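# Examining the three-dimensional arrangement
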Amino acid sequence: SGLRHTVEAVNLTLGLPSLAGPLEIDGSVGYRDLTVELAGALSSSLALGNGGSSGVDLTISAAGAQLTVEGDLAPAATSSLRIGARGEGLTDLFAGLQMPLARDPGPYNLASDLSVSAQSVDIATLTLQLAGGEMRGQGTIRLDGPAPQISADLILSDLGLSQVLILAGREERARGT
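First, a word on what this report is: a plain description of the structure on this page. Because the structure is predicted, anything quoted here is derived from the model rather than measured. (Residues numbered from 1 in each chain as written. Predicted model: local features only at pLDDT ≥ 70, side-chain atom pairs only at ≥ 80, totals over all residues. Heavy atoms only, no water.)

### What about the overall build of the chain?
- A count of helices and strands for the chain gives three helices and 10 strands.
- Along the chain, helices (α) and strands (β) appear in the sequence β-β-β-α-β-β-β-α-β-β-β-β-α when read from the amino end.
- Here the C-alpha coordinates of the chain stretch approximately 65 × 35 × 30 Å along the principal axes.
- Counting every position in the chain, which comprises 177 residues, the buried fraction comes to 26%.
- Sequence-distant contacts, at least 24 apart, represent 29% of the contacts inside the chain between residues at least 6 apart.
- Only carbon and sulfur atoms are counted for the fraction: they give 56% of the accessible area of the chain, which is about 11100 Å².
- Here the chain contributes 10 positive and 19 negative side-chain charges, whose respective centroids are spaced 10 Å apart. (Helix = DSSP H or I, 4+ residues; strand = E, 2+ residues; numbered from the N terminus. Buried < 20%, exposed > 50% of the residue type's maximum accessible area, 1.4 Å probe, protein only. Contact = heavy atoms within 4.5 Å. Areas by Shrake-Rupley, 256 points an atom, 1.4 Å probe, with all protein chains shown as cover. Lys, Arg positive; Asp, Glu negative; His and termini not counted. Charge placed at Lys NZ, Arg CZ, Asp CG, Glu CD.)

Rendered as structure tokens:
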């Protein structure tokens with residue numbers, strides 16, 4: 001597709017005391033206008049490299065945002081992962097990615113349990129708190145067709161239309177009868 005991503009200013013420490021043991025990572029890289037910090041481990045990198053699975057515990061931080069990935073990573077089968085993300089705002093992160101936001105939604109928190117395979121991403125649980133509202137649900141993203149198919153049951157609460165319009169960059173409040 002011609003899309004290129006460049007990582008610069010690589011300052012990483014990798015620890016692998018034995019091939020059968022854990023692979024630990026700690027340090028940072030530069031990506032676009034961000035310094036991205038990485039810390040975590042794969043419990044069995046050799047098994048993962050041989051097509052098996054490995055426990056993963058990884059934290060990625062940048063511009064006040066934090067992403068965590070925990071669980072069982074199995075690219076040749078089905079990975080079972082718990083994903084989390086949190087921060088006080090998204091303006092700095094999106095600016096660092098060179099994707100400015102119309103409005104910052106403020107503090108956010110995401111937690112989700114996923115099963116990921118080549119055919120689908122099954123979202124067993126999803127909780128997102130953003131812009132004073134909350135979304136809960138579950139769903140599936142099918143990846144085995146010509147285009148991804150998404151089916152989900154989502155419940156949105158405590159987020160009014162006026163908040164959504166302001167986040168989208170509209171200056172005026174929603175009105176009507």
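What follows continues from the structure just given.
### Remarks on the nonpolar core
- Judged by nonpolar contacts, Val29, Tyr31, Leu34, Val36, Leu38, Ala62, Ala65, Ala85, Leu90, Leu93 and Tyr108 together constitute the single largest core of 11 residues.
- Of all the secondary-structure elements, those providing two or more residues to this core are strand E2 (23-31) and strand E3 (34-42).
- Of all the elements, E3 adds the most residues to this core, at three residues.
- Discounting residues that sit within four places of it in the chain, Tyr108 has contacts with Ala65, Gln66, Ala85, Arg86, Gly87, Glu88, Gly89, Leu90, Gln129 and Leu130.
- The next biggest cluster of nonpolar side chains, apart from the first, holds eight residues, and it includes Leu42, Val69, Leu81 and Leu114. (Core = buried A, V, L, I, M, F, W, Y, C linked by side-chain atoms within 4.5 Å.)

### As for a nonpolar patch on the surface
- Residues Val7, Val10 and Leu12 make up a contiguous nonpolar surface patch of about 240 Å² in total accessible area.
- By the element assignment, Val10 lies in strand E1 (residues 7-15).
- For Val10, a relative accessible area of 55% puts it in the exposed group. (Patch = residues over 30% accessible without salt bridge, like charges linked within 9 Å, V, L, I, M, F, W, Y side chains within 5 Å. Salt bridge = Lys/Arg side-chain N within 4 Å of Asp/Glu carboxyl O.)

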